[in-house]
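Each chain, letter by letter, is given below.
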Amino acid sequence: MSARKKRRAWRLGEVLVWLSFAVLAAVAACALAPGWIALYSPTEMHGDAVLKAPGAAHWFGTDQFGRDVFSLVVHGARQSLLIGLAAVLVGCACGVSLGILAGYAGGWFDALAMRFIDVWMAIPNLLLAIALATALPPSLLNTVLAISIASVPRYTRVLRGQALTIRHRAFVEAARTAGASHFAILRGHILPHCVAPILVMATLGIGGAILAGSSLSFLGLGVNDESPDWGYLLTQGRGYLTVAWWIVTFPGLAITALVIAVNLLGDALRRRLDPRQRLK
C-alpha cells in the first residue's frame with residue numbers, strides 16, 4: 001500500500017473513531033439524564049396522536065398507544081447500555097479468572113477446564129442465552145446473567161492461551177524462584193500482561209451483549225417495565241410495520257449505531273494495542 005493510501009486510511013479510521021465516540025457520548029447522555037433530553041415521559045399517552053408520523057410535535061412519531069417514540073428511545077438507552085456493560089463485566093470477570101487459572105496451573109486442572117469449556121462452546125451463545133432466559137423469570141438481573149454465562153467460554157479460551165505463553169517466561173520463573181506465592185505471580189506478572197487482550201475483547205463484547213439483550217427482549221424474554229429497552233420496542237412495533245414504520249425503525253437504528261460504534265472502537269483499540277498491527 002502506498003504512503004498516500006495509508007494516510008487516507010488512517011484519516012478515515014480517525015474520523016470513524018471520533019464518530020463512534022460521538023455516538024457513545026450521545027447514548028451515555030440519554031442513559032444518564034433521559035429526563036433532560038426526552039420530550040415526554042415514556043408512559044405518557046396521547047389519545048389524539050396515536051400512530052402519528054414523525055413531525056414537529058413528535059420527532060420520531062408516536063406508537064399504537066400514543067407514546068412519543070423519541071422519548072421511548074431515549075429512556076430505552078439506559079436499559080440497553082446497562083445490559084451490555086453489566087453482561088460484559090460479569091462474563092469477562094468469570095472467563096478471565098478461569099482462563100488465567102487454567103493456563104497458569106496446567107496439568108489436570110487445565111485439561112478438565114478446557115474439556116468443560118469445549119462442551120460449553122458447542123452450544124451457540126444466543127441459543128444458550130435464550131435457554132437460560134426462558135428458565136429464569138424475566139428481569140434485568142436474569143437477562144444480564146443469561147448473556148454473561150453465554151459469553152464466558154470465549155474469554156476463557158483467549159486468556160488461557162495468553163497465560164500459557166507467559167507462565168514460563170524468565171521474569172515469572174525468577175519470581176517463583178524468589179519464593180513468590182502463586183497468587184502474587186498471578187496478580188503481579190500474569191494478569192498485567194493480559195490487560196491488552198482483556199480490554200479489546202471486553203470492548204468488542206459490549207456490542208454482542210447489546211445485540212443479545214435486544215434479541216431476548218424482542219422474543220419477550222428480557223426486561224419489560226415502564227422504560228423498555230430497544231429490543232422490546234421492536235417487538236411492540238413489529239405488528240404495525242406496514243402502517244407505522246417509524247415505531248421499529250428508530251429503535252433499530254439506535255441499536256445499529258451503538259453496536260457499530262462499539263465495534264469500531266474495539267477494532268481501533270485492537271490495532272493500537274497489537275504490536276504486529278503497529279508495524280504494518
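Cut-off values and rules
Residues numbered from 1 in each chain as written. Predicted model: local features only at pLDDT ≥ 70, side-chain atom pairs only at ≥ 80, totals over all residues. Heavy atoms only, no water. Helix = DSSP H or I, 4+ residues; strand = E, 2+ residues; numbered from the N terminus. Buried < 20%, exposed > 50% of the residue type's maximum accessible area, 1.4 Å probe, protein only. Contact = heavy atoms within 4.5 Å. Axes fitted to C-alpha atoms, helices over the stretch in contact; angles between N-to-C directions. Left-handed = near helix turned anticlockwise from the far one by under 90°. Nonpolar A, V, L, I, M, F, W, Y, C, P; charged D, E, K, R; others polar. Salt bridge = Lys/Arg side-chain N within 4 Å of Asp/Glu carboxyl O. Phe/Tyr/Trp six-rings, centres within 6.5 Å; stacked < 30°, edge-to-face > 60°. Lys NZ or Arg CZ within 6 Å of the ring centre and 35° of its normal. Core = buried A, V, L, I, M, F, W, Y, C linked by side-chain atoms within 4.5 Å.

Caption draft 1: Structural detail: the side chain of Thr203. Among the secondary structure elements, Thr203 is positioned in helix 9 (residues 195-218). On the accessibility criterion, Thr203 (19% relative accessible area) is buried. In this structure Thr203 touches Val262, Leu265, Gly266 and Leu269, once residues within four positions along its chain are discounted.

Caption draft 2: Just the packing of helix 9 against helix 10 (residues 230-237), in detail. At their nearest, the axes of helix 9 and helix 10 sit 7 Å apart, and the two run at 35 degrees to each other. Along this stretch, helix 9 crosses helix 10, giving a crossing that reads as right-handed. The segment helix 9 lies against helix 10, with Ser214, Ser217 and Phe218 engaging Gly231, Tyr232, Leu234 and Thr235. Tallied by class, the residues present in the contact of helix 9 with helix 10 amount to three nonpolar, four polar and no charged.

Caption draft 3: A look at the pattern of salt bridges. Scanning the entire structure with this criterion turns up five salt bridges. A salt bridge links Arg67 to Asp63; the nearest nitrogen and oxygen atoms lie 2.8 Å apart. Here Arg160 ties to Asp110 by a salt bridge, and the two come within 2.8 Å at their closest N and O atoms. Taken as a pair, Arg160 in helix 6 (residues 140-166) and Asp110 in helix 4 (residues 107-121) lie far apart in primary sequence, 50 residues in all. Assessed through its relative accessible area of 8%, Asp110 is described here as buried. Where salt bridges share partners, they join Arg115, Asp118 and Arg157 into one cluster.

Caption draft 4: Just unusual backbone geometry, in detail. Residue Leu51 is not a glycine yet carries a positive backbone phi of 55 degrees. Structurally, Leu51 can be placed in the loop between helix 2 (34-37) and helix 3 (69-105). According to the relative accessible area criterion, Leu51 is partly exposed, its value standing at 28%.

Caption draft 5: Highlighting the packing of aromatic side chains. Scanning the entire structure with this criterion turns up eight aromatic pairs. Here Trp245 and Phe250 contribute two aromatic rings whose centre-to-centre distance is 6.0 Å and whose plane-to-plane angle is 40 degrees, an arrangement assigned as tilted. Overall, the relative accessible area of 17% leaves Phe250 in the buried class. Taken together through their ring pairs, the aromatic side chains of Trp59, Phe60, Phe70, Trp245, Trp246 and Phe250 make up a single cluster. One cation-aromatic arrangement involves Arg154 over Tyr155; the distance from NZ or CZ to the ring centre is 4.6 Å. A cation over an aromatic ring shows up here: Arg238 above the ring of Phe218, its NZ or CZ 5.0 Å from the ring centre.

Caption draft 6: Region of the structure containing the nonpolar core. If you look at the biggest cluster of nonpolar residues, it comprises 55 residues, and the most contacted ones within it are Ile190 and Trp230. Going through the elements one at a time, helix 1 (3-32), helix 3, helix 6, helix 7 (170-177), helix 8 (182-190), helix 9, helix 10 and helix 11 (246-273) are the ones with two or more residues in this core. Sorting elements by how many residues they give to this core places helix 3 first, with 14 residues. By size, the runner-up hydrophobic cluster in this structure holds nine residues, among which are Met114, Ile117, Ala129 and Ala150.

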